[in-house]
Amino acid sequence: MTTARFDPVDALRGEVTPPTDKSISHRAAIFGAMAADPVRIRGYLHAADTTSTLDAMRALGAIVEVHADEVVVRGSGLREAQVPDAPIDVGNAGTLMRLLPGWLAAQPGRTYHLDGDSSIRRRPVDRIAEPLRLMGAGIEATDGRFPPFAVHGRRLHAIDYTLPVASAQVKSCVLIAGLTADGATTITEPKPSRDHTERMLAASGVTLRRTGDQLCVTNVDELLLEDLVVPGDPSSAAFWIAAGVLVRGSRIVIRATGTNWTRTGFHRIVQRMGGIVVGDLEEDPGDDVRAGEPVSDLDVAAGPLVGTTVEADEVPLAIDELPLVALLGVFAEGETVVRGAQELKLKESDRITAVVDGLRGLGASIEATDDGFVVQGTGELRGGTISSHGDHRLAMLGAVAGMASREGVTVEGMDAAAVSYPGFTDDFATLASA
Ligand code: S3P
């Protein structure tokens, strides 16, 4: 575990290109392994989580070539996932753990074992086990709901499934299983969540019908995937949006960032609070599912912030950025409230407790609620020491808090940032020295 110090900075200036998208990279590797022909992925994220996915695809029989400018995945095909000798190690990657069983469940007569790190072992898999069992697969999980777990592949049949929580991971798992199930699988979403899987299915020649909050997919012979280009990750860009908005005198240009509407809830929250985020964010909600992912440069500058309320509908669209909303709330005038975000307890750490305890330890006035938090804005943050709890997003939250604080912040466990953003401290040094 490494400790890093982030002292207050006068201003952050210049350009930054955030790492490419973690969610899309996971999907690109999995779809590449399921596809009939080799898939070239430009801009694949090389970080701990997405390396776990490449390793898992190799274990399942794919040939994965990593070149300087692209990753080429030569897959085994939709119905030919091999059985590895050892359990598949998903590392820290919740998305890998929850998407992959959708494919494995459809391999009749084969059993796969999945496990991961200590954080993964406290993250439930019952949310995917339920629909996969309804489709005919067998899932045996530790204590009925945790990794390590086994997936017994069977011939699947279609279901009509209403997601109990708005989760892109669960939706994606069922969509993938629907590709091989007999009949038409229908999924009803309680609220919109990130739609990268839907876009990648469209890019793979799969007919996916969306009607209101329902998605419908039927089985296909094979995936015919075009080459893929992965845009910058809006969740990684979010740290520079927050830093640019909080550190007075800053002006940051964030290059080539994904602006898929289902990922830019945080950008809209920041704009509502008074932060300056300018870019092409015009993608409309409810657009037909499109194959591509929209991209834009973003221009970020500090502005006086006011508190806001984030309601349940907005939560899935900003789920991974909600810790940053808490930090912005500290510097805003008035109260900032996040509601309907109980899912935060099930992330890489319990992000309600860890954010509230962590920011309070730095001098913030913040209370946890059952489904979020309430922050009283004080316009400043003292500083101190914060633990990442091994959670990449909390490590970078602590770093941004330090940049905007009065006395600086020591982050214990800064190495966790490598899960999604291995070059974070280098990019910080560049922006702080310009
Ligand atoms: C993800 C979906 C979200 C998100 C996670 C990545 C994905 O999780 O928090 O970091 O790639 O589908 P849930 O599906 O649990 O909301």
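Calculation criteria
Residues numbered from 1 in each chain as written. Predicted model: local features only at pLDDT ≥ 70, side-chain atom pairs only at ≥ 80, totals over all residues. Heavy atoms only, no water. Buried < 20%, exposed > 50% of the residue type's maximum accessible area, 1.4 Å probe, protein only. Helix = DSSP H or I, 4+ residues; strand = E, 2+ residues; numbered from the N terminus. Phe/Tyr/Trp six-rings, centres within 6.5 Å; stacked < 30°, edge-to-face > 60°. 1 Å grid on protein atoms, 1.4 Å probe; cavity = no way out; pocket = protein on both sides within 12 Å on 5 of 7 lines; lining within 4 Å. Points joined across faces, edges and corners; volume = space filled by probe spheres on them. Nonpolar A, V, L, I, M, F, W, Y, C, P; charged D, E, K, R; others polar. Domains from an automatic or database assignment. Contact = heavy atoms within 4.5 Å. Pairing = 2+ DSSP bridges. Axes fitted to C-alpha atoms, helices over the stretch in contact; angles between N-to-C directions. Polar contact = N/O pair within 3.5 Å; in protein donor to acceptor, adjacent residues only side chain to side chain.

**What about helix H9 (residues 322-331)?**
Summarising burial for H9: ten of the ten residues are buried, a large majority. For H9, the set of buried residues is Leu-322, Pro-323, Leu-324, Val-325, Ala-326, Leu-327, Leu-328, Gly-329, Val-330 and Phe-331.

**Section: the packing of aromatic side chains**
Here a ring pair, both rings aromatic, is described through the centre-centre distance and the interplanar angle of the planes. Inspection of the entire model under this criterion finds six aromatic pairs. Note on Tyr-421 and Phe-424: the rings are 5.4 Å apart at their centroids and 85° apart in plane angle, and the pair reads as edge-to-face. For Tyr-421, a relative accessible area of 2% puts it in the buried group. Classification of Phe-424 by relative accessible area gives buried; the value is 1%.

**Quick word on the layout of surface pockets**
Its volume calculated, the largest pocket comes out at about 550 Å³. Forming the boundary of the largest pocket are 35 residues, of which Ala-166, Ser-167, Ile-319, Glu-343 and Lys-347 lie nearest the centre. For the lining of the largest pocket, the secondary structure elements donating two or more residues are helix H1 (22-34), helix H3 (94-104) and helix H5 (168-178). The class makeup of the residues in the lining of the largest pocket is eleven nonpolar, eight polar and 16 charged. In this structure, the lining of the largest pocket is formed jointly by two domains, domain 1 (3-19 + 232-433) and domain 2 (22-216), each of which donates at least three residues. For the second largest pocket, the calculated volume is near 390 Å³. Lining the second largest pocket are 19 residues, with Leu-246, Val-247, Arg-248, Phe-331 and Gly-379 sitting closest to its centre. Counting residues per element, the ones that place at least two in the lining of the second largest pocket are helix H7 (234-246) and helix H11 (392-404).

**Points about helix H4 (residues 126-134)**
Inspection of H4 places Arg-127, Ile-128, Ala-129, Pro-131 and Leu-132 among the buried residues, and these make up the whole buried set. Buried positions along H4 lie against H3, strand S8 (138-142), strand S10 (160-162) and H5. After H4 finishes, the residue Gly-136 shows a positive phi value of roughly 115°.

**Some thoughts on the pairing of strand S13 (residues 214-218)**
Inspection of the sheet shows strand S11 (residues 184-188) paired to S13 by five bridges, in the antiparallel sense. Paired with Ile-187 across the bridge in S13 is Leu-215. As judged from the four bridges shared by strand S12 (residues 208-211) and S13, these two strands associate in the antiparallel manner. Bridge pairing in S13 links Arg-210 to Leu-215. Taking the residues between adjacent antiparallel strands as the criterion, S12 and S13 are bridged by two residues, where Gly-212 takes a positive phi near 60°.

**Re the sheet that holds S12**
Taken in spatial order, the four strands line up as S10-S11-S13-S12 in an open sheet, and their pairing is mixed. Here the strands that pair on one side only, and so sit at the sheet edges, are S10 and S12. Strand-to-strand twist across the sheet, computed as the mean angle between neighbouring axes with direction ignored, equals 20°.

**Describing the environment of Arg-79**
Within the secondary structure layout, Arg-79 lies in the loop between strand S5 (70-74) and strand S6 (88-89). Not counting residues within four places of it along the chain, the set of residues in contact with Arg-79 comprises Gln-107, Arg-110, Leu-179, Thr-180, Val-220 and Asp-221. Within the local environment of Arg-79, its side chain forms a polar contact with the backbone oxygen of Asp-221, the two atoms lying 2.9 Å apart.

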